Amino acid sequence: MKTKAIRSGHVNGGVVTGIGAGTKRRHLLRAALGGAGTVALAGCDRLSNNDAFVDVLKSAQHLSRAAHKIVPGRKAMAQEFAPADVAAHFRSNGTLMPADADYQALLKSGFSEWKLQVGGLVEKPAAFTLAELRAMPSRTQITRHDCVEGWSSIGQWKGVQLSHVLAQVKPLASAKYVVFRCADSMDGPTLDGRDSRYYESVDLDDANHVQTVLAYELNGQALPVSNGAPLRVRIERQLGYKHAKYLMKIELVESFAPLRGGNGGYWEDNGYEWYAGI
Ligand SMILES: Nc1nc2c(c(=O)[nH]1)N[C@H]1C(S)=C(S)[C@@H](COP(=O)(O)O)O[C@H]1N2
Ligand SMILES: [Mo]
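*Asks:* Mind laying out the pattern of salt bridges, listing which residues take part and the relevant values?
*Replies:* One pass over the full model with this rule turns up 13 salt bridges. Where Asp206 meets Arg74, a salt bridge forms, and the shortest distance between an N and an O atom there is 3.0 Å. Of this pair, Asp206 sits in helix α8 (residues 204-207) while Arg74 is found in the loop between α4 (65-68) and β2 (94-97), placing the two residues 132 residues apart along the sequence. Look at Asp206 and you get buried, because its relative accessible area is 3%. Here Glu200 ties to Lys242 by a salt bridge, and the two come within 2.9 Å at their closest N and O atoms.

Okay, here's the thing in structure tokens:
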């Protein structure tokens, strides 16, 4: 009865190391920015594409190292590689096969019944089939995936830019974050029915980044189940755990504080940092 999703990684150790680092980073940021932390950060985000402003901030002695991480231009590109750099076998990590019955049913029908729901704070909520997503303009990129556990893999991803999908549903002015809802329960079915499905979130800068794609192909093949079939997001300037696999729903929200553990993602609720810039 109690089936658990097949997964690897993050089982021992990883969580424990993450807790200290993430919490410390958040405290450092708050200390550096003082009471006006939120306001100051929002300002940084908007001005971060202005080089002169970035230089001033970078030279500011009073800002901690932690705050510096958020300052560099949010539109800067992650490195892209050549076909010769692609790893023979792209590694898989975390859930490798969701055990959840709803996912298993979708998998059996070749994802013909699957639809990506896009809703929340948008003018026009919508649901897209895989065929519809594949028919949209695509982007192909060869990038390096860096897992927080210390391994990397280079792979070629093809998908539709998240910005393209968001433009179709028209986010409301109040929308600040994009939440990714996944199919895979991390703790297996529990008696109290508690939701442990993987989830993640990014701000609109990362959501609309040129390299942020909803990928349906890896290395020229349909996305394998172990890498997130039928669809996973690529957030190329952040660590692997931000790249949510097995996407079911994308939700625009004003704040992720009311969701689950309140930290914006499954691993964030277990102590990892929300902003996992590389
Ligand atoms: N839904 C879901 N997404 C996930 C995970 C997961 O367990 N479930 N693991 C994350 C982690 S920690 C990493 S490193 C990458 C691994 O992606 P890969 O299996 O394609 O290598 O997926 C991320 N996205
Ligand atoms: Mo990871």
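This is not the end of the story, as more comes after the structure.
*Asks:* How would you sum up the side chain of Glu268? Please name residues and give values.
*Replies:* With respect to the element layout, Glu268 can be found in the segment after β12 (247-253). Within the structure, the side chain of Glu268 is placed 3.0 Å from the side chain of Lys242, a separation counted as a polar contact. Leaving out residues up to four positions away in the same chain, Glu268 has contacts with Glu200, Tyr241, Lys242, Asn263, Glu273 and Trp274.

*Asks:* Before we move on, can you summarise the pairing of strand β4 (residues 126-129) with the specific residues and values?
*Replies:* By the bridge criterion, four bridges tie strand β3 (residues 115-120) to β4 in an arrangement that is antiparallel. Each residue of the ladder has a partner; that of Leu116, found in β4, is Phe128. Here β3 folds back onto β4, and the loop between the two strands holds five residues.

*Asks:* An account of the site of ligand 1 is needed here, citing residue identities and associated values.
*Replies:* Neighbouring ligand 1 are 23 residues; Arg91, Asn93, Thr95, Asp184 and Lys245 lie closest to it. In this structure, a nitrogen atom belonging to ligand 1 sits 2.7 Å away from a side-chain N or O atom of Asp184. Residue Lys245 places a side-chain N or O atom 2.6 Å away from an oxygen atom belonging to ligand 1. For ligand 1, whose accessible area on its own is 530 Å², the fraction buried by protein is 100%. If you list the elements that add at least two residues to the shell around ligand 1, you get β2 and β7 (177-185). Counted by class, the shell around ligand 1 contains nine nonpolar, 10 polar and four charged residues.

*Asks:* Run through unusual backbone geometry, naming residues and quoting values.
*Replies:* Geometrically, the link from Ala229 to Pro230 is a cis peptide bond, its omega value of 5 degrees lying close to zero. Topologically, Pro230 is positioned in the loop between β10 (221-222) and β11 (232-234). For Lys170, which is not glycine, the phi torsion reads 55 degrees and is therefore positive. With respect to the helices and strands, the residue Lys170 is situated in the loop between α7 (162-169) and β7.

Scoring rules and cut-offs
Here the residue numbering is sequential within each chain, running from 1 through the sequence in written order. Chains and ligands are labelled sequentially in the order written, the chains with letters from A and the ligands with numbers from 1. Two thresholds apply to this predicted model, a pLDDT of at least 70 for residue-level local features and 80 or more for giving and counting side-chain atom pairs, whereas whole-chain, interface and lining totals are computed over all residues. With hydrogens and water stripped out, all remaining heavy atoms of the structure feed into the side-chain values. The rule for a salt bridge is simple: a side-chain nitrogen of Lys or Arg has to be within 4 Å of a carboxyl oxygen of Asp or Glu. In this text, helices come from DSSP runs of H or I with a minimum length of four residues, and strands from runs of E with a minimum of two, each type numbered from the N-terminal end. Only protein chains enter the accessibility calculation, which uses a 1.4 Å probe. A residue is then buried if its area is under 20% of the maximum for its type, exposed if over 50%, and partly exposed in between. Here a polar contact is taken to be a pair of N or O atoms separated by no more than 3.5 Å, where protein atoms must pair a possible hydrogen donor with a possible acceptor and residues adjacent in sequence count only if both atoms sit in side chains. When checking whether two residues touch, look at their non-hydrogen atoms; a contact exists if any pair is within 4.5 Å. Following DSSP output, two strands are said to pair if at least two bridges run between them. Proximity criterion: a residue is near a molecule or strand once any of its heavy atoms comes within 4 Å of it. Surface accessibility in these figures is a Shrake-Rupley result with a 1.4 Å probe; residues are shielded only by whichever protein chains are displayed. Gly is placed with the polar residues, together with every amino acid not listed as nonpolar (Ala, Val, Leu, Ile, Met, Phe, Trp, Tyr, Cys and Pro) or charged (Asp, Glu, Lys and Arg).

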